[in-house]
Amino acid sequence: MFTSSNLYAFVTKAFKNFSVTKYALFTLLFIAAGLAGKVSIPGTQVGITMQTFVLMLVALNLSQVEAVSVVASYITVGALGAPVFSGGMSTAALRGPSSGFIWGFLPAVVISHALISAIRSLTSSSVLRTLGYFVALIIGCMIFLYSVGVSVQSVVTGMSWTALMTASLGFVTFDIVKAVIAIVVTLGIGFISSARKH
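Just so we're clear, the structure is a prediction, and the values are computed from it rather than from any experiment.

J.: What is the right way to read the overall build of the protein from this model?
T.: For the protein, the count of helices and strands is 8 helices and 0 strands. Reading the protein from its N terminus to its C terminus gives the helix and strand order α-α-α-α-α-α-α-α. In the protein, which comprises 198 residues, the share counted as buried stands at 40%. Restricting the contact set of the protein to residue pairs at least 6 apart, pairs at least 24 apart contribute 71%. Of the roughly 10,400 Å² of accessible surface on the protein, a fraction of 72% belongs to carbon and sulfur atoms.

In structure tokens form, the structure reads like this:
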């Protein structure tokens, strides 16, 4: 039976190791990435931004609760009217052509984080973990996010899903590079943390 005490225990356990510092840092990084603007891709109203790079870092370096909190806070700040989305947009972006990508950030980070956590529990091999991280980011932060983002963009603009997805393939190379850099940064952070402990 689910009771208030059970809820309290669940919340307490979930937030037991919650890092306010990490939460604040990555939320600010997300906002900065949105304010940095975008590079346009012909054939689509959605451009290349640094938000997916930060999303990948969040999935790799935070706990699930921290990751969800960061992304949810970023979306909430924009929904409240702050110009934190790409191009200095706020509330309007949540119902515009890029809204599917923005709303998709939340389930995308959950998917990638879950896969990353599974990989870490299955193997201690640095090589296998690195490859696993890459696959996890591709599945959550690219395949899933592209699918949701393009589908919503098609509905909002009335443009062909196939045409939009074809145009969005221009993001692939850049997002693969982002994934590689995010993994390298994460491994570097892990190496420095390990060295400090010794």
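J.: Is there a simple way to think about the nonpolar core in this case?
T.: Inside soluble globular proteins, nonpolar side chains tend to come together where they are buried. Ranked by internal contacts, the top residues of the largest apolar core, which has 44 residues, are F30, L55, V58, Y74 and L137. Put simply, the parts of the chain that give this core at least two residues each are α2 (20-35), α3 (51-61), α4 (64-79), α5 (99-122), α6 (126-157), α7 (161-168) and α8 (172-197).

J.: What's the story with the environment of A33 in this structure? I'm lost.
T.: Within the element layout of this structure, A33 appears in helix α2. On the basis of relative accessibility, which here comes to 6%, the residue A33 falls in the buried class. Through-space distance from the C-alpha of A33 to that of T52 is 8.8 Å; in sequence the pair is 19 residues apart. Sequence-distant contacts of A33, defined by excluding residues within four places in its chain, comprise M50, Q51 and V54.

J.: Is there a simple way to think about the packing of aromatic side chains in this case?
T.: Where two aromatic rings form a pair, the distance of their centres and the angle of their planes describe that pair. Enumeration according to the criterion identifies 4 aromatic pairs in this entry. Summarising the aromatic geometry, the rings of F30 and Y74 are spaced 4.6 Å apart at their centres and angled 20° between planes, so their arrangement reads as stacked. Residue F30 is located in helix α2, and its partner Y74 is located in helix α4; the two are separated by 44 residues in the primary sequence. Side by side, F30 and Y74 carry an identical accessibility label, which is buried. Centre to centre, the rings of Y146 and F171 are 6.2 Å apart; their planes meet at 70°, and the pair counts as edge-to-face. Of this pair, Y146 sits in helix α6 while F171 sits in the loop between α7 and α8; the two residues are 25 residues apart in sequence, bridging distant segments of the chain.

J.: For this particular structure, what's the right way to read the pattern of salt bridges?
T.: Pairing between side chains of opposite charge can happen when their charged atoms approach one another. Enumeration according to the criterion identifies 1 salt bridge in this entry. A salt bridge links K178 to D175; its shortest N-O distance comes to 3.0 Å. Linking K178 with D175, this pair stays in helix α8, spanning 3 residues, or about one helical turn. Each of the two residues, K178 as well as D175, counts as buried.

J.: I keep staring at α5 and nothing clicks. Help me out?
T.: Since the α-helix advances by 3.6 residues per turn, residues separated by three or four positions end up pointing in the same direction. For α5, spanning 24 residues, the distance from its first C-alpha to its last is 35 Å, which sits close to the expected 34 Å at 1.5 Å a residue. The sharpest bend along α5 measures roughly 40° and falls at F105, with the proline P107 sitting one to four residues further on. Every buried residue of α5 is accounted for by S99, G100, F101, I102, G104, F105, A108, V109, S112, H113, I116 and I119. Of the surrounding secondary structure, the elements contacted by the buried residues of α5 are α2, α3, α4 and α6.

J.: So what exactly am I meant to see when it comes to the packing of α3 against α6 here?
T.: Two quantities define a packed helix pair, namely the angle between the helix axes and the distance between the axes. Relative to each other, α3 and α6 sit at 135°, their axes nearing to 11 Å. Relative to α6, α3 is oriented oblique. As for how α3 packs across α6, the hand of that crossing is right-handed. For the pair formed by α3 and α6, the contact residues are T52, L55, M56, A59 and L60 on the first element and Y133, L137, C141, M142 and L145 on the second. Classifying every residue of the contact of α3 with α6 gives 9 nonpolar, 1 polar and no charged.

J.: What is the right way to read the confidence of the model for the protein from this model?
T.: Where the model shows low pLDDT, its predicted coordinates should not be examined in detail. Per-residue pLDDT for the protein averages 85, and the proportion of residues at 70 or more is 82%. At the low end of the mean pLDDT range in the protein sits helix α1 (residues 4-14), at 57; at the high end sits α5, at 95.

Rules and cut-offs
Residues numbered from 1 in each chain as written. Predicted model: local features only at pLDDT ≥ 70, side-chain atom pairs only at ≥ 80, totals over all residues. Heavy atoms only, no water. Helix = DSSP H or I, 4+ residues; strand = E, 2+ residues; numbered from the N terminus. Buried < 20%, exposed > 50% of the residue type's maximum accessible area, 1.4 Å probe, protein only. Contact = heavy atoms within 4.5 Å. Areas by Shrake-Rupley, 256 points an atom, 1.4 Å probe, with all protein chains shown as cover. Core = buried A, V, L, I, M, F, W, Y, C linked by side-chain atoms within 4.5 Å. Phe/Tyr/Trp six-rings, centres within 6.5 Å; stacked < 30°, edge-to-face > 60°. Salt bridge = Lys/Arg side-chain N within 4 Å of Asp/Glu carboxyl O. Expected span 1.5 Å × (residues − 1). Bend = angle between axes of the 7 residues up to and from the residue. Axes fitted to C-alpha atoms, helices over the stretch in contact; angles between N-to-C directions. Parallel < 35°, antiparallel > 145°, perpendicular 65-115°, else oblique. Left-handed = near helix turned anticlockwise from the far one by under 90°. Nonpolar A, V, L, I, M, F, W, Y, C, P; charged D, E, K, R; others polar. pLDDT = per-residue confidence, 0-100.

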